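# Coordinate inspection notes
Each chain, letter by letter, is given below.
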Amino acid sequence: MVRFLIPAVAVLLFLVEPEFAMLSPIEVKGQIFYLVPRFLILYLIFISIYYSRQRAVMYGLFFGVLYDVFYIDIIGLYSVLFPLVCFLAGSIVKVIHQHLVVTTTISVVLVAILEFILYQFFYLIDFTTIPLSDFLRSRLLPTIIANALFLMILGWAFKYLINARVLQRAREVS
Amino acid sequence: MPHFFFNKKLILLLIGMVFLVALISFSLRERTNATLPEQIIKDTVGVAQSIVAKPANYITGVINNIDSLLNTYEENKRLKARLDEYAAVQAEASDLKSDIKKFQELMDKSESLKAYDPIHATVIARNPDQWEEKIILDKGSSHGVEKNMAVMTAKGLVGKVTLVTPFTSEVELLYTNNPNYRVSAMVQGDNQAYGLIEGYDKERNELIMKRIDSRQTVKKGQQVVSSGLGGIFPKNVPIGEITEVSTDDNGLTKMAYIKPSADFSILDYVVIAKRSATTIDGSDGNTSNEDLTHPQKGKEEAE
């Protein structure tokens with residue numbers, strides 16, 4: 001049961017993301033803020049940290065390809081960045097402590113890096129013309145806040161689910 | 001041995017990089033159609049997405065309803081004031097309609113630029129990373145959707161179809177950075193002024209209408225509709241209201257800022273307009289991001 005729950009949650013998050021994207025951009029006092037939901041990659045980072053780096057990279061590749069084909073029509077962008085972020089997360093966690101607060105912070109920082117790389121890429125190919133300062137203010141900061149909130153609410157649930165799977169696997173092995 | 005292994009990894013990495021660059025440049029090329037594997041993925045994800053979109057749309061609908069319920073009193077007052085005008089306007093409208101019919105019979109003209117067959121569609125997804133302003137609909141070529149069709153809500157024009165697969169279609173919204181995305185528009189009034197909607201102002205969050213004849217008088221508050229002269233969109237689809245008029249960069253033509261009448265923040269149901277009159281499939285620069293307005297600049301950059 002738990003075995004299938006892990007990919008099922010990933011699929012669900014993948015499908016839910018664009019629904020949340022419809023709530024954005026929001027307007028506060030005449031200023032426009034873009035909130036980019038990055039639920040799936042946060043979840044994959046958690047899998048990478050608490051379960052298996054290799055598994056997370058595989059999921060990252062799979063969902064990255066889906067993301068590229070379905071949403072942005074540029075193949076090879078997310079399908080590289082998602083596995084890369086998962087790989088980084090799995091590697092970082094080997095040298096630091098796996099407390100939930102620490103992992104949450106790492107995940108949010110990784111998402112910010114991902115967002116920044118994407119901005120640089122889209123700036124390079126002329127899809128966007130906004131200057132860096134605008135990007136930081138109207139996109140990066142709100143996105144970080146929104147995703148940090150999301151992770152604070154659901155991070156423990158991810159950890160619980162993944163730990164259940166790890167335990168199950170340990171039992172199977174023994 | 002470890003030395004050899006390291007080399008193998010390095011070579012793999014290099015090959016991977018080359019492959020990646022090739023793949024990205026292939027997909028960045030101007031494409032008119034999605035390849036078959038892409039279509040399969042798009043359709044499969046699209047079906048799953050539309051299942052998820054249903055409850056999500058329902059929830060946003062409920063929230064909207066609550067929101068409009070809170071505004072009922074204000075709205076009712078406003079509507080009551082408008083109601084008196086309504087009877088007069090309706091009488092005039094039916095009068096005009098019969099006039100038009102008569103004239104059309106006189107001129108033996110059956111096709112109108114205004115006529116279109118509506119295809120109703122549900123928005124199943126919005127590009128989550130929001131770099132391109134794009135939405136995805138649950139109707140595709142098997143429902144009669146074609147590339148370049150106009151997409152609108154009851155309030156006004158939203159965008160146009162840029163990519164079609166059998167069961168989904170992608171819509172590029174009016175809010176786009178693409179310099180080749182133009183809509184032929186017309187200012188409603190005693191003397192109709194024509195112009196082109198070209199791009200939008202990020203800070204004001206408004207559309208820009210350019211190339212209006214400087215002899216025409218265009219005022220703040222006038223309504224802008226599509227003209228149907230672009231060969232793709234039907235005529236008289238509302239676009240928005242003029243908020244400011246100024247002179248173009250070169251001083252020869254006027255330009256106007258337009259506040260769009262459609263609400264772009266909450267899009268759930270839209271209508272795809274299949275124009276009845278002959279359409280042309282032309283689109284500037286094949287809907288690429290290549291800047292045709294300033295070809296000189298593009299060339300300089302390339303050099």
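Residues numbered from 1 in each chain as written. Chains lettered and ligands numbered in written order. Predicted model: local features only at pLDDT ≥ 70, side-chain atom pairs only at ≥ 80, totals over all residues.

## Quick word on the interface of chain B and chain A
Contact with chain B, which involves 27 residues of that partner, is made by 31 residues of chain A. Those elements giving two or more residues to the side of chain B that touches chain A turn out to be helix H1 (2-28), helix H2 (36-70) and strand S1 (116-126) of chain B. No other element matches H2(B), which puts 9 residues into the side of chain B that touches chain A. (Contact = placed C-beta atoms within 7 Å. Helix = DSSP H or I, 4+ residues; strand = E, 2+ residues; numbered from the N terminus.)

## Comments concerning the sheet that holds strand S9 (residues 223-226) of chain B
Taken together, 6 strands build a closed barrel; the order of strands is S6-S7-S8-S11-S10-S9 (chain B) and the barrel is antiparallel. The mean angle between the axes of side-by-side strands here comes to 45 degrees, regardless of whether they run parallel or antiparallel. (Pairing = 2+ DSSP bridges. Axes fitted to C-alpha atoms, helices over the stretch in contact; angles between N-to-C directions.)

## Considering the nonpolar core
Core analysis: the largest hydrophobic core is formed by 50 residues, its most contacted members being B:Ala150, B:Val151, B:Met152, B:Val158, B:Met209 and B:Val270. If you look at the next biggest cluster of nonpolar residues, it comprises 43 residues, including A:Phe14, A:Leu15, A:Ile72 and A:Leu161. (Core = buried A, V, L, I, M, F, W, Y, C linked by C-beta atoms within 7 Å. Buried ≥ 20, exposed ≤ 12 C-beta atoms within 10 Å, placed from the backbone.)

## Overview of unusual backbone geometry
Residue and element names in this part refer to chain B. The phi dihedral of Asn-148 falls on the positive side, at around 75 degrees, and the residue is not glycine. Along the chain, Asn-148 turns up in the loop between strand S2 (134-137) and strand S3 (150-152). Positive phi outside glycine occurs at Asn-236, with the angle close to 70 degrees. Tracing the chain through its elements places Asn-236 in the loop between S9 and strand S10 (238-247).

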